[in-house]
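Coordinates in review
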2 protein chains.
Amino acid sequence: MEEDKLLPNKQIVLKKFVQGCPKESDFDLNITNMSTNIRDYGSNGVLLKNLYISCDPYLCHLMRPARLSSFLQGSFVPGSVVTGYGVAKVIKSGYEKLKEGDYVWGVTGWEDFSWNSNPEKLLTKIETTDVPLSYYAGILGISGIAAYVGWHEICAPKQGEIVYVSSAAGGVGHLVGQFAKMSGCYVVGSSSTNEKVDLLKTKLGFDDAFNYREGDLRSQLNKHFANGIDVYFENVGGDMLDEVLGNMKLNGRVAVCGMISQYNLTEPKGIRNLFSVIHKRLMLQGFSEQDYRSTAYAEYAKWAIEQLRENKLVYVEEVIPGLENAASAFVGIYHGHNIGKRFIAVARD
Amino acid sequence: MEEDKLLPNKQIVLKKFVQGCPKESDFDLNITNMSTNIRDYGSNGVLLKNLYISCDPYLCHLMRPARLSSFLQGSFVPGSVVTGYGVAKVIKSGYEKLKEGDYVWGVTGWEDFSWNSNPEKLLTKIETTDVPLSYYAGILGISGIAAYVGWHEICAPKQGEIVYVSSAAGGVGHLVGQFAKMSGCYVVGSSSTNEKVDLLKTKLGFDDAFNYREGDLRSQLNKHFANGIDVYFENVGGDMLDEVLGNMKLNGRVAVCGMISQYNLTEPKGIRNLFSVIHKRLMLQGFSEQDYRSTAYAEYAKWAIEQLRENKLVYVEEVIPGLENAASAFVGIYHGHNIGKRFIAVARD
């Protein structure tokens, strides 16, 4: 057992509350010291060495003065280290179900080392380690379970249905499209660049895809969904949602996973097409992967690992090395810079 | 058997497409002749003497140039007789399942006599006639089944939940409130006059009620739902929906039955609070009673008749006598003039 010592700890700290879209200047990179003596922190927690941290759109909500209580982690205050989902290695443990050397995924800090005082609630032990550990910051973490429960539980798909996925080349979207194909649906995705549109069509098995920034949205939807949409997997919000509501078929379902276009506006765009909800008997359902970690995650992860091993599922991840690049990597997701799941590699083991 | 003859037939005719809110001047009262010889109409239909016709908010959607295909009846064109839900007596029948003297409810014309060419689809035979027949234009017709399936199927209530019903003194709302109390919920209703608010509290068993026109809506909702809303039965739309979304609790449900505040606007009000759908995991579900007539209606009607006989359910209906008053009665529902279910008495038998 190593001796207790002080480790230099690089941290991404929220400098001030975010206004509008997060900017690199909203964050500081600080270096502090982290004691490896777990008696310094109280009992039942674990000391983590962080490996991979996930760049997730929802994080901006925790960077503003308004407190949202429905997230597993709390909102940030200026001066506090950013927290989010990631993959880490246990280096000291006061929690009986985790031991030194175990790998975990869950809520951790954007820093080299984190003390996690509530591992039971915030962390999941990684049982299968012969897949890349970074997968637990994406396809085997919240992106995967969000895509899976969103698709199977919320969308309740039927074979042959017409499916639309927005932000389809994103960390969740590119999985939803593949799940939808496995369910026997016709799947169209949209994205913000032609490169990503190509990826959807050539590598990810989408039946069709379009660049929503090229041309009028209504015309694009009318063209790609001449007979309407049965299931919409919503990642975007705003005008996209409004136009899609006008294109939904009778008894359509909208799984509301994200609304990235709206997160950084002073005032969200008003949605005018909600009468469609009545006259087409639509269902809109918001959900959070948080609610499924104890019920659906284990089964999903087992299934997804099998699919990955048999090359039946394509996973696109984009690694940004180093905490010093975390702020710019994070900010970039609000501008569509990522392809697939973007994460920061803090350390490799 | 009566001899075939020509009957004078008073009709409410759509004079021109409705713009904005329906006005009395959008309608004409015409008198034509109706042959009682069913061979004049083709086979399988029935000739109806109309008794009661229901004033339903959805009808305005069928009075505009846009064609909505999700309603049981078709859209109107200028010059055509208005159709809607009502109660009628069969006076001639070419349809094997209905005979002369039977009573029916379903889609019929706003006129003294109607030829119904598709009774199988449009009409339901009235089996129990020892309750007022007008009830089949309301509590035993579409208002009742809408309230019942909306409450039980869509809201999926749990005992002790906090429920909000807008337009609570309307034909559907005043039933939903009573169903919610039967389910063991705490129920608050809103309405447009103090008279109706009193009715909700003193006669209809609502735990509380308020006049939404008196004072700031947000403050009223905050006051009446200090701990948030589990279930919202939506009849109003617009600002009401927007503010309610901000007051919903985690895992809340919104049964979207109507949006009467929005029906006659040139452009619907934009709803800005839809991010609540994600972070509170809300479900919004539109529905139509049309989809439940063959599955849930018979059981519902049996139950409702029992409740009425045992005085466990209060039904508020408001009769407007005479087709000549139909247009003003109909127009008035968009201004909150009705109390409970408003219908036109065309004839008493």
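Quick summary incoming for the structure in this document. (Residues numbered from 1 in each chain as written. Chains lettered and ligands numbered in written order. Predicted model: local features only at pLDDT ≥ 70, side-chain atom pairs only at ≥ 80, totals over all residues. Heavy atoms only, no water.)

Some words on the sheet that holds strand β13 (residues 283–286) of chain B
Read across the sheet, twelve strands follow the order β10(A)-β9(A)-β8(A)-β11(A)-β12(A)-β13(A)-β13(B)-β12(B)-β11(B)-β8(B)-β9(B)-β10(B) without closing on themselves; strand pairing throughout is mixed. Across the chains shown, the open sheet's two edge strands, defined by having one partner strand only, are β10 (208–211) of chain A together with β10 (208–211) of chain B. When strand polarity is set aside, the average angle formed by the axes of neighbouring strands in this sheet is 15 degrees. Here strand β11 (residues 229–234) of chain A runs beside strand β12 (residues 248–256) of chain A; their pairing, made up of five bridges, is parallel. Its bridge partner being in β12 of chain A, Phe-233 of chain A is matched across the sheet by Ala-255 of chain A. Sheet contacts for helix α5 (residues 217–224) of chain B: β8 (162–165), β9 (186–191) and β10 of chain B; angle to β10 of chain B, the most-contacted strand, approximately 170 degrees. (Pairing = 2+ DSSP bridges. Helix = DSSP H or I, 4+ residues; strand = E, 2+ residues; numbered from the N terminus. Axes fitted to C-alpha atoms, helices over the stretch in contact; angles between N-to-C directions. Contact = heavy atoms within 4.5 Å.)

Topic: the packing of aromatic side chains
Residue and element names in this part refer to chain A. If you walk through the whole model with that rule in mind, you get 42 aromatic pairs over all chains. Ring geometry for Tyr-164 and Tyr-232: centres 5.2 Å apart, planes at 15 degrees, overall stacked. Taken together, the residues span a long stretch of sequence, with Tyr-164 in strand β8 (residues 162–165) and Tyr-232 in strand β11 at a distance of 68 residues. Each of the two residues, Tyr-164 as well as Tyr-232, counts as buried. Note on Phe-233 and Phe-287: the rings are 6.2 Å apart at their centroids and 70 degrees apart in plane angle, and the pair reads as edge-to-face. Placement of the pair is Phe-233 in strand β11 and Phe-287 in the loop between β13 (283–286) and α8 (297–309), with a sequence separation of 54 residues. For Phe-287, a relative accessible area of 5% translates into the label buried. Clustering of aromatic rings is evident, with ring pairs tying together Tyr-58, Phe-71, Tyr-85, Trp-105 and Tyr-297. Directly above the aromatic system of Trp-105 lies the positively charged group of Arg-293, at a separation of 4.4 Å from the ring centroid. (Phe/Tyr/Trp six-rings, centres within 6.5 Å; stacked < 30°, edge-to-face > 60°. Buried < 20%, exposed > 50% of the residue type's maximum accessible area, 1.4 Å probe, protein only. Lys NZ or Arg CZ within 6 Å of the ring centre and 35° of its normal.)

Concerning the interface of chain A and chain B
Contacts between the two partners involve 32 residues from chain A and, on the opposite side, 32 residues from chain B. Carbon and sulfur atoms make up 61% of the area that chain A and chain B hide from each other, which totals about 2,700 Å². Of all residues in chain A, the largest losses of buried area upon contact with chain B belong to Arg-272, Ile-278 and Arg-281 of chain A, amounting jointly to 25% of the total for that side. Between chain A and chain B we count four salt bridges in total. As a salt-bridge pair, Arg-281 of chain B and Asp-291 of chain A come within 3.0 Å of each other at their nearest N and O atoms. Where chain A touches chain B, the interface holds ten residue pairs in polar contact (both at pLDDT 80 or more). For the side of chain A that touches chain B, the class distribution of residues is 18 nonpolar, nine polar and five charged. (Buried area = accessible area lost by both parts, 1.4 Å probe. Salt bridge = Lys/Arg side-chain N within 4 Å of Asp/Glu carboxyl O. Polar contact = N/O pair within 3.5 Å; in protein donor to acceptor, adjacent residues only side chain to side chain. Nonpolar A, V, L, I, M, F, W, Y, C, P; charged D, E, K, R; others polar.)

Quick word on the relation of the copies chain A and chain B
Note that the two copies of the chain are related through a rotation about an axis and a translation along the same axis. Mapping chain A onto chain B calls for a rotation angle of 180 degrees and an axial translation of 0.0 Å; the resulting RMSD is 0.0 Å. The superposition operator between the copies reduces to a two-fold rotation axis. For chain A, the residue whose C-alpha comes nearest the rotation axis is Gly-270 of chain A, separated from it by 1.8 Å. The residues that chain A uses at the interface reappear at the interface of chain B in 100% of cases, marking a shared surface. (Least-squares fit on C-alpha atoms with pLDDT ≥ 70 in both.)

Examining the pairing of β8 of chain A
Residue and element names in this part refer to chain A. Side-chain alternation along β8 places Ile-162 and Tyr-164 on one buried face and Val-163 and Val-165 on a second face that is also buried. Of the strand pairs in this sheet, β8 and strand β9 (residues 186–191) are connected by four bridges, and their pairing is parallel. Looking at the pairing, Ile-162 lines up with Tyr-186 of β9. This β-α-β element, β8 to helix α3 (residues 173–182) to β9, shows right-handed connectivity. By the bridge criterion, three bridges tie β8 to β11 in an arrangement that is parallel. (Right-handed = clockwise from strand over helix to strand, strands pointing away.)

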